[in-house]
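Inside the fold
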Amino acid sequence: RRGTQRIGLGDAEFTSAGSPGIAMVQGQIAPLHVAGGRSGGMLSWAGDVASRNPTLVDQAEVAALLDALAAKQIPLPMMWPDGWGPKRLAGVRPRPRLQLTTPLADKYRGPTDFLGAKVGFEYEGARVESGASGFVAVSFPDGTAAVVERHAQAEREATDRFLALGGKHDTHLAEYRVHIKRVPTVAAGLLADGWEVVRDAAKYRSPGAVNIRVTSGIDWFDLEGAAQFGETSASIGAVLEALRKGERFVSLGDGSLGLLPDEWLSKHGRWLGLGRAEGESVRFSKAQLSLVDALMAELPEATCDKQVAIARQKLRKFDGIEARKEPRTFKGELRPYQRQGLGWLTFLAEFGLGGCLADDMGLGKTVQLLAHLADRRKQGERQPWLVVAPKSLVLNWAKEAQRFTPGLKVIDYTGLERAAVRGSIGRGDLVLTTYATMRMDIEVLREIEFGCVVLDEAQTIKNATSQAAKAARLLKATRRLALTGTPVENRLEDLWSIFEFLNPGMLGSMPAFQQAAKSDKDADGMVMLRRALRPFLLRRTKATVAPELPARSEQTVRCELEGKQRKLYDDLRTHYQTQLLGRVEREGMNKSKMHVLEALLRLRQVACHPALIEPKALPRAKGASPAGASRVDKPVHVESAKVSMLVEMLEELGVEGHKALVFSQFTSMLALVKAELDQKGITYEELDGTTSAKERDLRVDRFQSTPVKDGGRGVFLISLKAGGVGLNLTAAGYVFLLDPWWNPAVEAQAIDRAHRIGQDKSVIAYRLIATGTVEERILELQERKKELVSAIISENAGPLSSMTREDLEWLLS
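This write-up is about the structure you can find in this document. Bear in mind that the values here come from a model prediction, so they are computed numbers and not experimental data. (Residues numbered from 1 in each chain as written. Predicted model: local features only at pLDDT ≥ 70, side-chain atom pairs only at ≥ 80, totals over all residues. Heavy atoms only, no water.)

Our focus in this paragraph is the nonpolar core. One finds F284, W397, M438, L455 and F499 to be the most contacted residues of the largest nonpolar core, which totals 109 residues. The element that contributes the greatest number of residues to this core is helix α16 (residues 492-502), accounting for seven residues. The contact partners of F499, leaving out residues within four places of it in the chain, are C356, P504, M506, L507, L533, F536 and L537. Judged by nonpolar contacts, the second largest core, of 46 residues, contains C559, V643, L653 and A770. (Core = buried A, V, L, I, M, F, W, Y, C linked by side-chain atoms within 4.5 Å. Buried < 20%, exposed > 50% of the residue type's maximum accessible area, 1.4 Å probe, protein only. Helix = DSSP H or I, 4+ residues; strand = E, 2+ residues; numbered from the N terminus. Contact = heavy atoms within 4.5 Å.)

Let's shift gears to the pattern of salt bridges. Tallied over the full model, the rule gives 28 salt bridges. The partner of E196 in a salt bridge is R97, and the shortest N-O contact between them spans 3.3 Å. With E196 in strand β12 (residues 196-199) and R97 in strand β5 (residues 95-101), this pair connects stretches of sequence that are 99 residues apart. Take E196: its relative accessible area is 7%, and that puts it in the buried class. For R97, a relative accessible area of 16% puts it in the buried group. A network of salt bridges, in which partner residues are shared, links R97, E122, R127 and E196. (Salt bridge = Lys/Arg side-chain N within 4 Å of Asp/Glu carboxyl O.)

Another point: the sheet that holds strand β31 (residues 684-687). Ordered in space as β29-β34-β33-β30-β32-β31, the six strands form an open sheet in which the pairing is parallel. Of all strands in the sheet, those bounded by a partner on one side alone are β29 (552-559) and β31. Going across the sheet, the axis of each strand differs from the next one's by a mean of 20°, ignoring polarity. Pairing geometry for β29 and strand β34 (residues 763-770), over eight bridges, is parallel. From the neighbouring strand, Q555 faces β34, where its bridge partner is Y766. (Pairing = 2+ DSSP bridges. Axes fitted to C-alpha atoms, helices over the stretch in contact; angles between N-to-C directions.)

Turning next to the packing of aromatic side chains. Under the criterion given, the structure shown has seven aromatic pairs. Considering the side-chain rings of F162 and Y176, the 5.7 Å spacing of their centres and the 85° angle between planes classify their relative orientation as edge-to-face. Of the two residues, F162 is situated in helix α3 (residues 152-164) and Y176 in strand β11 (residues 175-179); the sequence distance between them amounts to 14 residues. As far as the burial class goes, F162 and Y176 line up, both buried. Between Y734 and Y766, the ring centres sit 6.2 Å apart and the planes meet at 5°, which makes this aromatic pair stacked. Placement of Y734 in strand β33 (residues 734-737) and of Y766 in strand β34 is noted, with a sequence separation of 32 residues between them. For the residue pair Y734 and Y766, the accessibility class agrees, reading buried in each case. Taken together, the ring pairs in this structure connect Y734, F736 and Y766 into an aromatic cluster. (Phe/Tyr/Trp six-rings, centres within 6.5 Å; stacked < 30°, edge-to-face > 60°.)

This part takes up a negative patch on the surface. Taken together, the side chains of E648, E651, E652 and E656 define an acidic patch exposed on the protein surface. Following the sequence through the fold, E648 ends up in helix α22 (residues 641-655). Since its relative accessible area comes to 53%, E648 is described here as exposed. (Patch = residues over 30% accessible without salt bridge, like charges linked within 9 Å, V, L, I, M, F, W, Y side chains within 5 Å. Areas by Shrake-Rupley, 256 points an atom, 1.4 Å probe, with all protein chains shown as cover. Lys, Arg positive; Asp, Glu negative; His and termini not counted. Charge placed at Lys NZ, Arg CZ, Asp CG, Glu CD.)

Turning to the environment of F703, a few remarks are in order. Relative to the elements of secondary structure, F703 occurs in helix α24 (residues 693-705). The sequence separation of F703 and F716 amounts to 13 residues, and the corresponding C-alpha distance is 7.6 Å. Each residue touching F703, except ones within four places of it in the same chain, is listed here: K659, A660, L661, E685, R713, G714, V715, F716, L729, A731 and A732.

Further remarks concern the sheet that holds strand β25 (residues 430-434). Pairing within the open sheet is parallel, and its seven strands lie in the order β24-β25-β23-β26-β27-β22-β28. The open sheet has two free edges, formed respectively by β24 (410-412) and β28 (537-538), since each of these has just one partner strand. Its contacts with the sheet put helix α9 (residues 336-351) on β22 (355-357), β27 (476-483) and β28, and the angle it makes with β27 is roughly 150°.

Geometry only, nothing functional implied.
See the structure below:
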């Protein structure tokens, strides 16, 4: 064909293929161009056709013919007579389809980790596989037919999408496949794009709406409902069971597989997981009412029966708790916020619930508890109450009880003499014991029915698997209370341990809570958890309830390491950068944790005082001594920038008649400070883990009662572990923190020894930091941790809980 001129193939005297080809027609030679730019065997095919009689093709077979020609890649130009043949459709975008096939295990290679995959397309109901091009014949319900031209671009885009999601193309075998671990991601992505996805005979379905209803039983709540998957559905119990198993799909009644509603589950699933699957529903215990209430608040579309509505309404009374005046038998006057606390404790008693009083240090948690005990005695309760406290606080409880509730019979169940008072426990009002005694005597104590068990400094049982936590859970009591300023010291699991003691089962099983608490940066999830805990956890800060307290300020004093101390620190840091980072690279962070902790400890110690490090702990080249150390195992004697700065400031404060507290985590650091103070003639009190309870009180009274001008001691040296809680040292207006730690709450407790009710001076806290050391990095980490304070109650501050190699490299930089 040339323009409007057409000739039959048989009229051409000669043709040859090429680019261009040649044709001889009526004695004239002309270039021959083949449609599409290549012959593809068209001339030989056309010649063969020309030598035959015309081939008759039924109208219904036209599409099959065209598709067969396209499959052979013969670019035949089509000329359609007007008004003839089936309807022709172009530009139709197909619906992609993925067929996954589980292969039989190879007897030589064993099971494979890949599923076979076929990418296909559906045009107006007719299915074709990828890789071909051309036309598709389709038939419509009304009996008509059509020929659809395949959409090559749409098919290429769909195949590229499959590969981008994780599909593989084996070019050698010319087939597609998907790794079995990638199937959920591939299927979810393709379903979202409108694909049809089938595995063997099971069709995958996208999730739709989730419907929830809560009903009540004798002592449980059942959360019922279903997730929709097109025309079928799956019970919420089945959905959560699949989630718990780590699956991404749930089996549906029609044999298909439903893709789990990830968006819905990411918001609610982990907290629903605190219940247990019970058939087609999820069951929560009565102790988990607040959790059910919080869940329903997050699910406005959820419905409930009348009994559940009544229970939720009773729980809402918490919002209307009124302050309660202390009884006349209480010798003292509670502050307004303490009366609010007494009202909250009364609310818990009336409902038989346990709770955690988590007020700031110094706001009088002990006083509120004693007022509550006196009030319950007035209401007719007669069973003895048991208070479990650190050894250093037992005497303080006895003194406070004698002062505020002298009418109560207090039994000291500690020490070697405790066997003598064992028989009188049932006749006492307040029984005092220590965590160590509770562990040792749990077989005796668990047989006694207490009216209430109170854990003071309840963070002691933060490790749910510790002997103290296990023993505390064995105690029998009508209800339980916890007192602590830091219910979350290291991880959210600390909170689980305390609440498992207070209200067993409230936060589900430990594994379920650990799973739910993994994403502690999820603001929505933390809001829901805070809502669930709100009735059972009362926390007030000094800033909000005790505005009459004098101002408290914190300052960072930076000390510049010089001379031998600087060289020693830099040598040690270089050593750990080389050795430790290499180990982490080879073995991973988990297997290197002990080495990481040791490295950070050594660097912190050198930043405080080089004498804290012994030569045998320092890195040394083969056959050489470490910098600044002798060859014998004696402490390294070089100056400490921190101690020099501290002594200088303490001398100035002493001249002005001020008193100061000095805290360190290292008792050996305090010993070094003592040596310097002795040389300067500065008098001091000291307190560490070896100080007896009696001697502890004598030293505190001496420090509190005698002013510096009258010969009183102006400095109190305290180890952080021994003196971080249970001390009232309002005579001091200054606090020195010699070494920072990961958790700001620990430092806050130390400062609160001075900044508490009864303080009439401004309190200034100085944090001594060695510049250019890991201590500066710790300060930055503290700022990061403070972001989690408002999420629940306190800091989630385990130093290695989520540390990466990059974090470690940053700490050592």
